[in-house]
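# Fold and geometry: a report
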Amino acid sequence: MAATEPATPIPASTTDTDTTPARFGLMLALCAAFLFSTKPIIIKWLYDLGMTALPLMWLRMMLAMPVYVVVGWLAWKRLPVKPTALQLLKAAGTGLLGYWLASYLDLRGLEYVSAQLERLMLYAYPTLVIILGALFFGQTFQRHHIVALILTYVGLILVYGQDLQFAADNIATTKGTLLILASALSFSLYILFSKNAIGNMGSLLFTSIAMGSAALATMLHYGISYGISLPEMDSTRWLGTIVLAIFATVLPSFLVSEAIKRIGPAKTSVSGTIGPVATTLMAIIFLGEPFGWLTAAGMALVMFGVSRLQR
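With that settled, consider the packing of helix 7 (residues 143-166) against helix 12 (residues 293-308). At their nearest, the axes of helix 7 and helix 12 sit 7 Å apart, and the two run at 155° to each other. In this view, helix 7 runs roughly antiparallel relative to helix 12, as classed from their interaxial angle. Handedness of the helix 7/helix 12 crossing: left-handed.

Given below as C-alpha cells:
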C-alpha cells in the first residue's frame with residue numbers, strides 16, 4: 001500500500017518561503033543588468049558631445065558620492081555588530097577593483113570600440129569568474145565549462161572582427177579591446193572578493209564603502225591628471241552625466257550587491273543575459289552603430305556559452 005500512495009505534498013507556504021528570496025534576487029540581478037546595459041550608450045553619446053573618460057568618470061563619482069555616504073551611514077547605524085577595521089579595509093580595496101580600476105579601463109576602452117563589443121566583453125566576465133575561482137578560490141571547474149569557454153571566446157573574436165571591419169584604426173580598436181578585457185578581469189576579481197565582505201557587513205554598507213573608496217581614488221586620479229581645473233560642461237552634458245551617475249551607476253550597484261547576497265555571485269553574473277541584447281538594440285537605434293552577421297553570430301555564441309556556465 002505504501003508504494004502506491006502519493007508523496008506527501010509540500011505546503012505551499014513552505015515552497016513560497018524557499019523560492020521567493022531567490023526569485024527576488026534574480027529580479028534584482030536582471031534589473032541591474034538592464035540598467036548597466038544603458039551605460040555604454042550614455043557614455044558614447046557623451047563622448048560625441050566632446051567629453052573624455054577620466055573627467056566623465058570623476059563627475060559621475062562626485063554626483064553619486066552623496067548617495068553612498070547617506071546610505072552607508074544609515075546601514076552602519078542599523079548594524080548590531082560593527083565590522084572590524086580590517087573588514088572595512090578589505091571592502092574598500094575590493095571597491096577599488098570593481099568601481100575604480102574596472103570603471104576607468106572600461107571608459108578608456110569605450111573611446112576606441114563599439115558599445116556592442118564593450119557590452120559583450122563585459123557580459124563574458126563570468127568566464128573569468130569561473131577560471132579565477134577555480135585557480136585561486138577553490139571553486140569547482142567542470143568539464144562542460146571547457147565547451148562554454150570556447151564558445152564564448154570564439155563569439156568575442158567574431159564581434160571583434162566586426163569592429164575591425166568598420167574601424168578607422170585597427171590598432172586603436174585592439175587597444176580598446178584589451179582595455180575592456182582588463183576591465184572584465186578586474187570586475188571578476190571584485191565579484192569573487194565581494195561575497196564574503198557582503199556576508200560580513202550587508203550589501204548596503206559594503207556597496208557604500210566600495211563605491212566611496214572608488215570615488216576617493218577617482219578624485220585623486222583626476223587631481224593628478226588635471227589639477228584643480230574643471231571640465232567644460234553645458235546643460236546637455238550635465239543631464240547625461242546625472243543620468244549616468246544615478247541610473248547606470250548608483251542604482252544598479254546596489255541591486256548587484258543585493259542580488260549577490262541573495263543568489264550568489266555565479267547566478268548574479270549569468271543573469272545578465274538581457275544586457276548584450278539591450279545594448280545592441282540601443283546602439284543601433286540611438287548611436288547608429290552597424291550590425292552585421294559577425295556581430296549576430298558572435299553575440300549568439302557568447303550568450304549561449306555564458307548560459308552554459310549556469311548549469
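Once that is clear, we can look at the side chain of Arg 60. Within the element layout of this structure, Arg 60 appears in helix 3 (residues 53-78). Nearest to the buried, unbridged Arg 60 among oppositely charged side chains is Asp 106, at 6.4 Å. In this structure, Arg 60 is in contact with Lys 39, Ser 103, Leu 107, Thr 241, Leu 244, Ala 245 and Thr 249, ignoring residues within four places of it in sequence.

For any part of a model where pLDDT is low, the fine detail of the predicted coordinates should not be relied upon. Residues with a pLDDT of 70 or more make up 92% of the chain, whose mean pLDDT is 87. Scored below 50 in pLDDT, residues 1-17 shows two contacts in the model against residues more than four places distant or in partner chains.

So, on to the side chain of Gln 116. For Gln 116, the location among the structural elements is in helix 5 (residues 115-123). Polar contacts involving the side chain of Gln 116 include one to the side chain of Glu 289, which spans 3.0 Å. In this view, Gln 116 contacts Thr 280, Ala 283, Glu 289, Pro 290, Phe 291 and Thr 295; residues no more than four positions away in its chain are not counted.

This part is about the packing of aromatic side chains. Taken as a whole and assessed by the stated rule, the structure comprises eight aromatic pairs. Ring geometry for Trp 58 against Tyr 222: centres 4.5 Å apart, planes inclined by 10°, an arrangement best described as stacked. Note that Trp 58 is positioned in helix 3 and Tyr 222 in helix 9 (residues 203-226), a separation of 164 residues in sequence. Where Tyr 222 meets Tyr 226, the ring centres are 4.9 Å apart and the plane angle is 20°; that geometry is what we call stacked. A residue pair is termed a helical-turn pair when its members lie 3 or 4 positions apart in one helix, as Tyr 222 and Tyr 226 do in helix 9 at four residues. Among the aromatic residues, those joined into a ring-pair cluster are Tyr 99, Tyr 125, Phe 187, Tyr 190 and Phe 206.

Think of it this way: side chains of opposite charge can pair up when their charged atoms draw near. Tallied over the full model, the rule gives four salt bridges. In this structure, Arg 108 engages Glu 111 in a salt bridge whose closest nitrogen and oxygen atoms are separated by 3.2 Å.

Soluble globular proteins: nonpolar side chains tend toward being buried together. Counting 54 residues, the largest nonpolar core has Tyr 99, Ile 191, Phe 206 and Val 302 as the members making the most contacts within it. Per-element tally for this core: the top contributor is helix 8 (residues 170-201), with nine residues. Not counting the four nearest positions on each side in its chain, Phe 206 is found in contact with Ala 91, Thr 94, Tyr 190, Ser 194, Ala 197, Ile 198, Met 201 and Ser 257. By size, the runner-up hydrophobic cluster in this structure holds 17 residues, among which are Tyr 47, Trp 58, Tyr 104 and Leu 244.

Reading guide: rules and limits
- Residues numbered from 1 in each chain as written.
- Predicted model: local features only at pLDDT ≥ 70, side-chain atom pairs only at ≥ 80, totals over all residues.
- Heavy atoms only, no water.
- Axes fitted to C-alpha atoms, helices over the stretch in contact; angles between N-to-C directions.
- Helix = DSSP H or I, 4+ residues; strand = E, 2+ residues; numbered from the N terminus.
- Parallel < 35°, antiparallel > 145°, perpendicular 65-115°, else oblique.
- Left-handed = near helix turned anticlockwise from the far one by under 90°.
- Buried < 20%, exposed > 50% of the residue type's maximum accessible area, 1.4 Å probe, protein only.
- Lys, Arg positive; Asp, Glu negative; His and termini not counted.
- Salt bridge = Lys/Arg side-chain N within 4 Å of Asp/Glu carboxyl O.
- Contact = heavy atoms within 4.5 Å.
- pLDDT = per-residue confidence, 0-100.
- Polar contact = N/O pair within 3.5 Å; in protein donor to acceptor, adjacent residues only side chain to side chain.
- Phe/Tyr/Trp six-rings, centres within 6.5 Å; stacked < 30°, edge-to-face > 60°.
- Core = buried A, V, L, I, M, F, W, Y, C linked by side-chain atoms within 4.5 Å.

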